[in-house]
Amino acid sequence: MTGAPRFEARSLSRRFGSVPAVDRVDLTLGRGERVLLLGRNGAGKTTLLRLAATLLRPTSGTLRVFGIEARGDERAALRGRIGYLPHGRLLYDDLTVAENLRFHARLHGLSGAAARVARALDETGLTGRADDAAGTLSRGLQQRLSAARAFLHRPDLLLLDEPFTGLDRPGVQRLQAMLADRLGHDGACLLATHDFASAWPLVTRVIVLAAGRVAIDRPIAGLAEADLPGLPGLAS
Amino acid sequence: MSGAGATRETGAVHDAAAARDPRTARGIGMLRGALAVAGKDLRAELRSPAQAASLFVFALLVVVVFHFAFDLTAAEFTTLGPGILWAAILFTGVLALDRGFRVEREGGRLDGLRLAPMAPSALYFGKVVSVCTVMAAVELVLVPLAAVLFNQPFGGWMARLAPILLLNTIGFAAVGCLFACITTQTRHGDLLLPVLLFPASVPIALAAVRATGHVLAGRPLDRFAHWIALSGAYDLIFLAAAVLLFDHALDD
Amino acid sequence: MLQRLPLALAAIALPLALRQAFLVAPAEQKMGVVQRIFYFHVPSAMMAFLGVGLCAVLSALYLWRRDRRLDVAAEAAAELGVLFCTIVLITGPLWARPVWGVYWTGEVRLTSTLILWLLFVGYLLLRGQAGADRDATARFAAIVAIVGALDVPIIYKSVEWWRGLHPKVLKVSGGGGLDPAMGRSLLVCSLAFLLLFAALFLERLRLGRLALEVSALEDRAARIEEGGGAHA
């Protein structure tokens, strides 16, 4: 549709009190780019994802999502096109699995909610648990439900924070398949994880954050998964 | 549109197109957003009756404690009853407010709500509606029980009380939802909420108690119309102020 | 040096105000010497409202501009508002006891001041309890300040009606029926308090700005430290 990058940060910074969590980051994400976001604990991965999701206001610098500057009332329109799977759980324990998804569909004003929910349940293998309270699900199944929720509205930009946490092998494979399907050939994705192996087949580019700054930014060409732990900013 | 959906099933093509349609991208509108949030909250309340029940028990407890502390006769209920009733309602209201916002704060659920394509005030109004509904449910049980406890005849005064209950509950929730959103993001916020909210709610408390007293004494409306006007003005002023301010209570 | 001017002026004006209140102003016929507390009570109330009003305006500006200096100024104004509110709440009962025989009568303005005091003590508690994120604290505090200030006239009206002063029956005017000499003394004392307010406000502002500078320097130090570590 448009040639505008999905996500474009210019000298983006965010401080918490006196701690700079993200520090003068320049980053452009084109269509179809799936970035593996690496970094040690506290490197600023989650902050960068929250900035990208327009949930955090930058301390300085600019941020454009889908070519629109993310500030003020503009954000409401952008947000419907962002899929954010955070580290925490966005689920409501007292609601059933299906109700959690239906609520998300209503929030995003989705048409044909019932069909979408049924399909999402099928993809995540949760159809059998549809009427159970989300709080009764195991950690891994909750993570699957969280993913189904984040993808339900077919976002154009996916922001994933440790999406593989708590998933067993089949769970990881399901999520990988869902991601591959959702991203198609032009979906953009920023995926932060310590689980190199699970993310590796999905990504096209690697970024390493160290102390809030981009230490490495390169395509995966010429890189092997085994090289990742040795990258500057990750190696101890 | 994009060729991305071509390889997917037809439904997916439709979905992908809809997601990129600027009209759908603009959002779902204030009313639908608010109703979605309120509906979710109330559904969750119904799903955990034990939690909701503790609110009712607490409200009743406040009335019972005052009943014993003051050892009221039926005649004295007209003078002291309104204060007791409203103390129970407002104390319970603080609990309902704290609960309503704490659930969104935990696990970062607020982020999920904020990522919905709707104005922040939709979330605010959704919470006002759900908190008011919970408080109204408590009031619906509390008023007849208080009447029994204080030997009051059932009658028309209960119906005449309804608009007073409604107006003042809305006013309390209007400021309460704004403050609860703040305090649940703060350390020791559960203590801070009443400390901030009760002084700010003095007009509501006074208007509610006086108007309720006039109703209990069976006086005509024109004796306390100014109190109802005050509650109404309070509601409008702070609902309007909250629409402007609520975004700042969320935006990190 | 110019910044210290209000402090110097206040230092001159306050003794003059004392002289006005105790030596120049005529003794009140019924209340006698006790009434002279009026010359501190009323200006304090004025300054309390000035502090609260200023805090609300600065808070609104902060939410609009997001400039930390505005937040520092709003906090300074709130602290002064609470300070002068406290003086009102101390001098009020001290005046009431010999005149009415009780410390606390539930008089409308004094009761409203008590509620205002509670509101802004809550504001300061909120500032004290908020997390490490200074900007979040500033936003939250600003919201509470604006709501509090909007609430002040409604609180006053509700307390007035509560006390049985039915609407449209009587209007209490501020210094009605005041002897001209007393009026002059009140004016002098009010101006002296205004200077005191300005002096304290500027001093507090200076402190706040210094604290901001320190935290900015800490930021830089932290960045140099971390940057140096990462790129070594």
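The rules we used
Residues numbered from 1 in each chain as written. Chains lettered and ligands numbered in written order. Predicted model: local features only at pLDDT ≥ 70, side-chain atom pairs only at ≥ 80, totals over all residues. Helix = DSSP H or I, 4+ residues; strand = E, 2+ residues; numbered from the N terminus. Buried ≥ 20, exposed ≤ 12 C-beta atoms within 10 Å, placed from the backbone. Contact = placed C-beta atoms within 7 Å. Pairing = 2+ DSSP bridges. Right-handed = clockwise from strand over helix to strand, strands pointing away. Expected span 1.5 Å × (residues − 1). Bend = angle between axes of the 7 residues up to and from the residue. pLDDT = per-residue confidence, 0-100.

## A word on the overall build of chain B
Here is step 1: Secondary structure summary: chain B contains 11 helices and zero strands in total.
Here is step 2: Helices and strands in chain B line up, N terminus first, as α-α-α-α-α-α-α-α-α-α-α.
Here is step 3: Counting over 252 residues, chain B shows a buried share of 50%.
Here is step 4: A separation threshold of at least 6 residues defines the contact pool for chain B, and within that pool the share at least 24 residues apart is 81%.

## Overview of the overall build of chain C
Here is step 1: Along chain C, the regular secondary structure elements total six helices and zero strands.
Here is step 2: Across the 232 residues of chain C, 40% fall into the buried class.

## As for the pairing of strand β8 (residues 188-192) of chain A
Residue and element names in this part refer to chain A.
Here is step 1: Most of β8 sits inside the fold, with five of its five residues counted as buried.
Here is step 2: Here β8 shows no split at all, with Ala-188, Leu-190 and Ala-192 on one side and Cys-189 and Leu-191 on the other all buried.
Here is step 3: Alignment of strand β3 (residues 34-38) against β8, held across four bridges, turns out to be parallel. Residue Val-35 lies in a different strand from β8, and its bridge partner there is Leu-190.
Here is step 4: Read from strand β7 (residues 157-161) through helix α6 (residues 169-183) to β8, the crossover connection turns out right-handed.

## Some thoughts on helix α4 (residues 49-70) of chain B
Residues and elements named next belong to chain B.
Here is step 1: Taking 1.5 Å of rise per residue, the 22 residues of α4 would be expected to cover 32 Å, and the 32 Å separating its terminal C-alpha atoms lies within 8% of that figure.
Here is step 2: Buried-residue contacts for α4 involve α5 (74-105) and α7 (120-149).
Here is step 3: After α4 finishes, the residue Asp-71 shows a positive phi value of roughly 50 degrees.

## Some remarks on the environment of Pro229(A)
Residues and elements named next belong to chain A.
Here is step 1: Relative to the helices and strands, Pro-229 is located in the segment after β10 (213-219).
Here is step 2: Taking the C-alpha atoms as reference points, Pro-229 and Phe-196, separated by 33 residues in sequence, lie 8.6 Å from one another.
Here is step 3: Beyond its immediate chain neighbours, meaning those up to four positions away, Pro-229 contacts Leu-234 and Ala-235.

## Considerations on the sheet that holds strand β2 (residues 19-29) of chain A
All names here are of chain A.
Here is step 1: Taking strand neighbours across the sheet as the criterion, the four strands line up as β2-β1-β4-β5 in an open arrangement whose pairing is antiparallel. The outermost strands of the open sheet, each flanked by one partner alone, are β2 and β5 (68-69).
Here is step 2: Note: strand β1 (residues 7-16) against strand β4 (residues 60-65), five bridges, orientation antiparallel. In the strand pairing of β4, Ser-13 is matched with Ser-60.

## A look at unusual backbone geometry
All names here are of chain A.
Here is step 1: One non-glycine residue, Thr-54, adopts positive backbone phi at about 65 degrees.
Here is step 2: Looking at where Thr-54 falls in the secondary structure, it is placed in the loop between α1 (45-52) and β4.
Here is step 3: One non-glycine residue with positive phi stands out, namely Arg-154, at about 50 degrees.
Here is step 4: Note that Arg-154 resides in the loop between α5 (139-151) and β7.
Here is step 5: For Arg-154, a count of 23 C-beta atoms within 10 Å gives the class buried.

## Notes on helix α11 (residues 225-250) of chain B
Here is step 1: Over its 26 residues, α11(B) runs 37 Å from end to end, which matches the ideal 38 Å to within 8%, given 1.5 Å per residue.
Here is step 2: Taking the largest bend as the criterion, α11(B) deviates by roughly 45 degrees, centred on Leu244(B).

## Digging into the environment of Leu216(B)
Residue and element names in this part refer to chain B.
Here is step 1: On the secondary structure map, Leu-216 appears in helix α10 (residues 202-216).
Here is step 2: The buried category is assigned to Leu-216, around which 20 C-beta atoms lie within 10 Å.
Here is step 3: If we ignore the near neighbours within four places in the chain, the residues touching Leu-216 are Thr-78, Gly-81, Pro-82 and Trp-157.

## Examining the confidence of the model for chain B
Regions with low pLDDT carry predicted coordinates that are not meant to be interpreted in detail.
Here is step 1: On average, chain B scores 86 in pLDDT, and the residues at 70 or more come to 89%.
Here is step 2: Here residues 1-25 of chain B is a poorly scored stretch, pLDDT under 50, and it has 34 contacts once near neighbours within four places are set aside; other chains count.

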